Amino acid sequence: MEDNVAIRVSNLTKKFKVYYDKGRSLKEVILFRNRNKHEVRTVLNDVSFDIKKGEAVGLIGHNGCGKSTLLKLISGILYPDGGSVDIKGRVSSLLELGAGFHPDMSGRENIYINASIFGLTREEIEARLQTIIDFSELAGFIDNPVRTYSSGMYMRLAFSVAINVDAEVLLIDEILAVGDANFQAKCFSKLQEIKEKGTTIVIVSHSLSQIENICDRSIWINDGVIRADGTPLAVHSEYLEFMNEQRKAAGGKDLDIPPEYVAYMQERRYKENLKLSMIPEQQAAVEANGGQYRWGSGEVKITSITASGPDGVGKRLFEVGTDVYFKVHYHVEKPIKDAVFGIGFFRNSGENLYGTNTRIDGKPNFDIDEDGEFTIIMRKIPLMPDQYTVSFSIEYGDGVPVDYWKDALKIDTYRQTPDVGGFFMEHDWEYEVKGQDNG
Amino acid sequence: MNKLKEIYEYRLMIYSLVKRDLRGKYKGSVLGFMWTFVNPLLQLLVYNMVFSIIMKAGVDKFYLYLFVGLIPWLFFSAAITGGSTCIIAQKDLIKKIRFPREIIPISFVTSQFVNMLLSFIVVIIVSVVSGVRPTIGGLLCLPIIMLVEYLMALGIALISSSLTVYFRDLEHILAIVAMAWLYATPICYPVEMVPEKYLSLYNLNPVTPIVNAYRDVLYWGRTPDLRTLIIAVCIGLVTVVLGIIIFGRLQRRFAEEL
């Protein structure tokens with residue numbers, strides 16, 4: 001195995017016997033021989049992949065796809081029927097928190113028990129003891145019996161031990177939902193810290209966004225084989241697409257998309273945009289200049305655009321029907337006279353949805369002498385949930401573009417009700433229900 | 001060999017589990033840890049009533065004769081019956097955490113063993129108070145005898161605990177086996193009471209030499225026969241090796257079967 005590989009999974013196969021009605025006792029085995037029928041289900045079929053040192057990998061897939069089995073095989077809890085798993089370094093598995101805790105013993109004693117189950121020696125535990133206690137925020141209670149702890153305190157102690165094992169390989173199964181929001185944030189940043197130290201991390205989770213936050217790579221397991229392997233964003237969109245198709249096929253209904261899916265998609269698009277917006281401005285501008293999406297005579301240049309709500313905090317995701325503020329900064333190379341500001345909304349397909357400028361709106365044209373900014377407020381945006389491209393322009397009064405930036409910004413919209421269409425139309429219902437006693 | 005190294009690396013886990021077991025056992029009871037001493041004394045009282053008042057065995061200082069054999073036997077029998085279920089009892093651990101699974105039977109047998117050692121404090125006191133003068137050689141042999149018994153108990157617990165995962169009836173079968181085994185061992189009666197023609201069969205019982213060796217030291221006040229001891233050590237080692245091999249094979253599917 002090469003030096004930079006932490007986990008090598010080669011041709012891994014795992015089969016489970018699924019008993020229809022398993023008799024385990026002597027009587028059942030002898031009397032009901034035929035009851036012991038079982039089928040052999042192949043949970044993992046010839047799966048191979050390498051995980052590099054320091055990589056953080058998410059395993060995704062629907063329930064029963066084999067991802068948890070895979071994690072258990074990697075951790076050594078299960079043994080394969082074929083193929084092998086090779087791991088370099090100490091493994092810590094966060095599959096069960098608080099293993100071996102005894103309610104009558106103190107928090108401190110339980111740290112020793114729990115950590116010893118992870119394979120730590122006494123010296124190793126003593127070296128970590130203070131860190132564990134500090135992380136759990138239980139310093140005042142550490143010598144009380146664990147049975148007096150609240151469930152939140154219990155989990156905090158358990159997580160603190162598990163996360164401080166300092167393994168080279170960390171395996172995690174759906175356990176990041178520990179404690180209150182504060183502690184979760186702390187766990188999360190601890191995980192980031194562990195990752196930065198070069199620990200290899202493998203996570204099984206249903207929460208795709210959790211994986212996106214931590215992992216650099218996602219492996220999608222479907223029916224016991226790897227269906228996709230790549231960056232989380234790429235794999236997850238493929239996965240969601242697939243799940244959506246499955247749902248449609250099963251339900252036969254187009255609109256049968258669960259709300260969490262919609263919410264997730266929006267959050268994800270939002271993040272994609274954040275990533276786009278993190279490209280340094282200069283670079284974005286250069287790119288745009290070279291391409292076909294920005295043109296103009298160039299005396300004045302738009303330097304940055306911020307989209308926000310009324311509070312002025314920049315964001316890209318807006319609820320349908322709320323006000324959106326676009327603040328545009330520009331830089332003057334050479335003063336211009338008689339200028340016009342403009343804005344336009346486009347679908348990603350290119351269709352123009354709305355466009356206007358200060359001239360159309362009857363505002364006086366103005367002269368631009370030095371760097372400045374303008375703000376345009378779009379009231380109660382009616383654009384139904386989707387992604388939209390917003391373009392901005394500075395032109396001369398006669399329509400000659402100074403800086404026309406077609407794909408300046410992308411925004412997403414979302415909506416909490418399931419009404420459909422391209423635009424939200426304000427409406428009321430007026431009717432009387434006949435033949436019904438309203439008293 | 002790798003296995004042994006791995007188990008050694010997890011020695012703190014054995015220690016922790018034994019400590020947890022011993023500490024947790026009598027938690028909440030009035031006598032607490034004193035039960036470790038009171039329990040064997042009360043058992044001794046019952047057996048003594050039965051065998052020196054009702055069923056006379058015709059042995060001098062029968063209470064001591066019985067006590068010296070009974071304490072090691074109680075350990076051995078706990079290792080057989082309790083040992084068979086120790087894996088099932090820890091299934092949450094086995095299904096969720098990776099560690100050498102041998103740790104579980106090892107800690108179970110060890111914690112029973114520690115219990116026996118503590119009871120032996122009582123045995124030795126009773127023995128000396130009764131006028132037995134153990135020889136130096138005898139006392140030196142005592143740890144060896146205990147080690148042999150530990151190894152045998154561990155070997156049996158390794159086998160029975162792993163088999164019980166696949167075949168749950170074993171738990172109940174072993175309870176009966178343990179009872180029968182008690183009467184197949186000279187604990188409640190002297191060997192001399194066994195009819196001559198069954199004696200060769202009777203002597204196949206590997207626990208008999210162990211019990212006899214304990215009695216040599218603490219009842220007769222003499223040094224046990226070295227030859228018998230060496231044979232016993234070999235039997236103990238073979239049992240453990242066998243236990244580790246069988247356990248190693250069977251443990252691969254533990255997480256699925258539990």
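The structure presented is a predicted model; accordingly, all values stated were derived computationally and were not measured. (Residues numbered from 1 in each chain as written. Chains lettered and ligands numbered in written order. Predicted model: local features only at pLDDT ≥ 70, side-chain atom pairs only at ≥ 80, totals over all residues. Heavy atoms only, no water.)

Participant: Explanation requested: the overall build of chain A in the structure shown.
Facilitator: Looking only at helices and strands, chain A features 10 helices and 19 strands. Across the 439 residues in chain A, those meeting the buried criterion constitute 44%. Considering only intrachain contacts with a sequence separation of at least 6, the fraction spanning at least 24 residues in chain A is 71%. Of the roughly 22400 Å² of accessible surface on chain A, 49% is carried by carbon and sulfur atoms. (Helix = DSSP H or I, 4+ residues; strand = E, 2+ residues; numbered from the N terminus. Buried < 20%, exposed > 50% of the residue type's maximum accessible area, 1.4 Å probe, protein only. Contact = heavy atoms within 4.5 Å. Areas by Shrake-Rupley, 256 points an atom, 1.4 Å probe, with all protein chains shown as cover.)

Participant: Quick question: what am I supposed to make of the interface of chain B and chain A here?
Facilitator: It is common to give the size of an interface as the accessible area that goes away when the parts come together. With 31 residues of chain B at the contact, the number on the chain A side is 35 residues. Of the roughly 2800 Å² buried between chain B and chain A, counting both surfaces, carbon and sulfur atoms make up 55%. Ranking the residues of chain B by area buried against chain A places B:Leu12, B:Arg20 and B:Lys96 at the top, with a combined share of 21%. In this structure, the connection of chain B to chain A is made through three salt bridges. A salt bridge links A:Lys14 to B:Glu256, with the nearest nitrogen and oxygen atoms 2.7 Å apart. Residue assignment for the side of chain B that touches chain A shows that the elements contributing at least two residues are α2 (11-25), α5 (91-96) and α12 (254-257) of chain B. Counting residues per element, the side of chain B that touches chain A draws most heavily on α2(B), which supplies nine residues. For the side of chain B that touches chain A, a count of residues per class yields 11 nonpolar, three polar and 17 charged. (Buried area = accessible area lost by both parts, 1.4 Å probe. Salt bridge = Lys/Arg side-chain N within 4 Å of Asp/Glu carboxyl O. Nonpolar A, V, L, I, M, F, W, Y, C, P; charged D, E, K, R; others polar.)

Participant: Is there a simple way to explain the side chain of B:Gln251 in this structure?
Facilitator: Tracing the sequence through the fold places B:Gln251 in the loop between α11 (226-250) and α12. On the basis of relative accessible area, B:Gln251 is assigned to the buried category, the value being 4%. Sequence-distant contacts of B:Gln251, that is, excluding residues within four places in its chain, are made with A:Tyr79, B:Lys3 and B:Arg101.

Participant: Honestly, a negative patch on the surface in this entry has me stumped. Any pointers?
Facilitator: A cluster of like negative charges, contributed by A:Glu333, A:Asp338, A:Asp367, A:Asp369, A:Glu370, A:Asp371 and A:Asp398, occupies part of the molecular surface. Relative to the helices and strands, A:Asp371 is located in the loop between β16 (366-368) and β17 (372-378). (Patch = residues over 30% accessible without salt bridge, like charges linked within 9 Å, V, L, I, M, F, W, Y side chains within 5 Å. Lys, Arg positive; Asp, Glu negative; His and termini not counted. Charge placed at Lys NZ, Arg CZ, Asp CG, Glu CD.)

Participant: Before we go on, may I ask you to explain the nonpolar core in this structure?
Facilitator: If you look at soluble globular proteins, the nonpolar side chains tend to sit buried side by side. A:Ile111, B:Phe76, B:Ile87, B:Phe99, B:Val109, B:Ile145 and B:Tyr214 are the most contacted members of the largest nonpolar core, which has 132 residues in total. Per-element accounting of this core gives the leading share, 16 residues, to helix α4 (residues 62-89) of chain B. Discounting residues that sit within four places of it in the chain, B:Tyr214 has contacts with B:Val68, B:Pro72, B:Met116, B:Phe120, B:Leu142, B:Ile145, B:Met146, B:Glu149 and B:Tyr219. Residues A:Val300, A:Val328, A:Phe341 and A:Met378 belong to the second largest nonpolar core, which totals 30 residues. (Core = buried A, V, L, I, M, F, W, Y, C linked by side-chain atoms within 4.5 Å.)

Participant: Help me understand a nonpolar patch on the surface in this model?
Facilitator: Nonpolar side chains collect at one region of the surface, where B:Leu42, B:Leu45, B:Met49, B:Ile53, B:Ile54 and B:Met55 lie side by side and expose about 650 Å² of accessible area between them. In this structure, B:Met49 sits in helix α3 (residues 35-54).

Participant: Just checking my understanding: could you explain the packing of aromatic side chains for this structure?
Facilitator: Within a pair of aromatic rings, the relevant descriptors are the distance that separates the centres and the angle that separates the planes. Summed over all chains, the structure comprises 20 aromatic pairs over all chains. Centroid distance A:Phe341 to A:Phe366: 4.7 Å. Interplanar angle 50°. Geometry classified as tilted. Of this pair, A:Phe341 sits in strand β14 (residues 336-347) while A:Phe366 sits in strand β16, and the two are 25 residues apart along the sequence. By relative accessible area, which is 10% here, A:Phe341 ends up buried. Where B:Trp73 meets B:Phe76, the ring centres are 5.8 Å apart and the plane angle is 40°; that geometry is what we call tilted. Here B:Trp73 pairs with B:Phe76, and both are found in helix α4, just three residues apart, close to one helical turn. Each member of the pair, B:Trp73 as well as B:Phe76, is classed as buried. Three or more aromatic residues joined by ring pairs form one cluster here, namely A:Tyr330, A:Phe341, A:Phe366 and A:Phe374. A cation over an aromatic ring shows up here: A:Lys406 above the ring of A:Phe346, its NZ or CZ 4.5 Å from the ring centre. Across the ring face of B:Tyr65, the terminal group of B:Arg215 is positioned such that the distance to the ring centre comes to 3.6 Å. (Phe/Tyr/Trp six-rings, centres within 6.5 Å; stacked < 30°, edge-to-face > 60°. Lys NZ or Arg CZ within 6 Å of the ring centre and 35° of its normal.)

Participant: Is there a simple way to explain unusual backbone geometry in this structure?
Facilitator: Excluding glycine, a negative phi dihedral is what most residues carry, and trans is how most peptide bonds are arranged. Of note in the backbone geometry, A:Asn11 takes a positive phi value of approximately 45° without being a glycine. Structurally, A:Asn11 is set in strand β1 (residues 5-19).

Participant: Any chance you could explain the packing of helix α4 (residues 122-136) of chain A against helix α5 (residues 151-163) of chain A here in plain terms?
Facilitator: Angle between the axes and distance between the axes: these two values describe a pair of packed helices. All names here are of chain A. Two elements in contact, α4 and α5, have axes whose closest approach is 8 Å; the angle formed by their N-to-C orientations is 140°. Here α5 runs oblique to α4, going by the angle between their axes. Note on packing geometry: the crossing formed by α4 with α5 is right-handed. Along its contact with α4, which presents Ile132, Phe135 and Ser136, the element α5 presents Arg156, Leu157, Phe159, Ser160, Val161 and Ile163. (Axes fitted to C-alpha atoms, helices over the stretch in contact; angles between N-to-C directions. Parallel < 35°, antiparallel > 145°, perpendicular 65-115°, else oblique. Left-handed = near helix turned anticlockwise from the far one by under 90°.)

Participant: Teacher, can you tell me more about the sheet that holds strand β8 (residues 217-222) of chain A here?
Facilitator: Strands pair in a sheet through their backbones, by hydrogen bonds, and they do so in one of two ways: parallel or antiparallel. Residues and elements named next belong to chain A. With mixed pairing, six strands are arranged side by side in an open sheet as β5-β6-β7-β3-β8-β9. Because the sheet does not close on itself, it has two edges, and the strands there are β5 (91-94) and β9 (225-230). Ignoring strand direction, the axes of neighbouring strands in this sheet form an average angle of 15°. Summarising the sheet, strand β3 (residues 56-60) and β8 pair through four bridges and their orientation is parallel. The partner of Leu59 across the bridge, within β8, is Ile219. Of the strands in this sheet, β3, β5, β6 (169-173), β7 (200-204) and β8 are in contact with helix α2 (residues 67-75), which crosses β6 at around 150°. (Pairing = 2+ DSSP bridges.)

Participant: I would appreciate a short explanation of helix α7 (residues 136-166) of chain B in the present structure.
Facilitator: At 3.6 residues per turn, the α-helix brings residues three or four places apart onto the same side. Relative to the 45 Å expected for 31 residues at 1.5 Å per residue, α7(B) spans 47 Å between its end C-alpha atoms, a close match to the ideal helical length. In the structure, α7(B) departs most strongly from a straight axis at B:Leu142, where the bend amounts to approximately 30° and where the proline B:Pro143 lies between one and four residues downstream. (Expected span 1.5 Å × (residues − 1). Bend = angle between axes of the 7 residues up to and from the residue.)

Participant: Just checking my understanding: could you explain the confidence of the model for chain B for this structure?
Facilitator: Close inspection of predicted coordinates is inappropriate in any region flagged by low pLDDT. In this model, chain B carries a mean pLDDT of 87, and residues with pLDDT of at least 70 account for 99%. Ranking the elements of chain B by mean pLDDT puts α3(B) last with 80 and α7(B) first with 92. (pLDDT = per-residue confidence, 0-100.)

Participant: Where do I start with the sheet that holds strand β2 (residues 38-52) of chain A in this structure?
Facilitator: Residues and elements named next belong to chain A. Ordered by their spatial adjacency, three strands build an open sheet running β2-β1-β4, and the pairing between neighbours is antiparallel. Two strands bound the open sheet, and with one partner strand each, they are β2 and β4 (82-87). Taken over all neighbouring pairs, the strand axes of this sheet differ in orientation by 25° on average, direction set aside. Each of β1, β2 and β4 touches α2; the most contacted strand, β1, lies at about 120° to it.

Participant: So what exactly am I meant to see when it comes to the pattern of salt bridges here?
Facilitator: Two side chains with opposite charge may pair up if their charged atoms get near one another. All names here are of chain A. Here the structure, examined in full by the defined rule, presents 23 salt bridges over all chains. Where Glu426 meets Lys380, a salt bridge forms, and the shortest distance between an N and an O atom there is 3.7 Å. One end of the pair, Glu426, is in the segment after β19 (401-414); the other, Lys380, is in the loop between β17 and β18 (387-396), with 46 residues separating them in the sequence. Just as Glu426 is exposed, Lys380 falls in that class too.

Participant: I tried to follow the confidence of the model for chain A on my own but got confused; where do I start?
Facilitator: Residues and elements named next belong to chain A. Confidence along chain A averages 80 in pLDDT terms, with 83% of residues attaining 70 or more. Taken as a whole, residues 252-257 scores under 50 in pLDDT and shows seven contacts with residues more than four places along the chain or in a different chain. When the criterion is pLDDT under 50, residues 273-292 qualifies, and its contacts beyond four places in sequence or with other chains add up to 15 contacts.

Participant: Explain the packing of helix α6 (residues 103-129) of chain B against α7(B) here, please?
Facilitator: Residue and element names in this part refer to chain B. Where α6 contacts α7, the axes come no closer than 10 Å and their chain directions differ by 145°. The two elements α6 and α7 meet at a crossing, and its hand is right-handed. Mapping the contact onto sequence places Pro105, Ile106, Val109, Thr110, Phe113, Met116, Leu117, Phe120 and Ile124 in α6 and Leu142, Met146, Glu149, Tyr150, Ala153, Leu154, Ala157, Leu158 and Ser161 in α7. Its residues assigned to classes, the contact of α6 with α7 shows 15 nonpolar, two polar and one charged.

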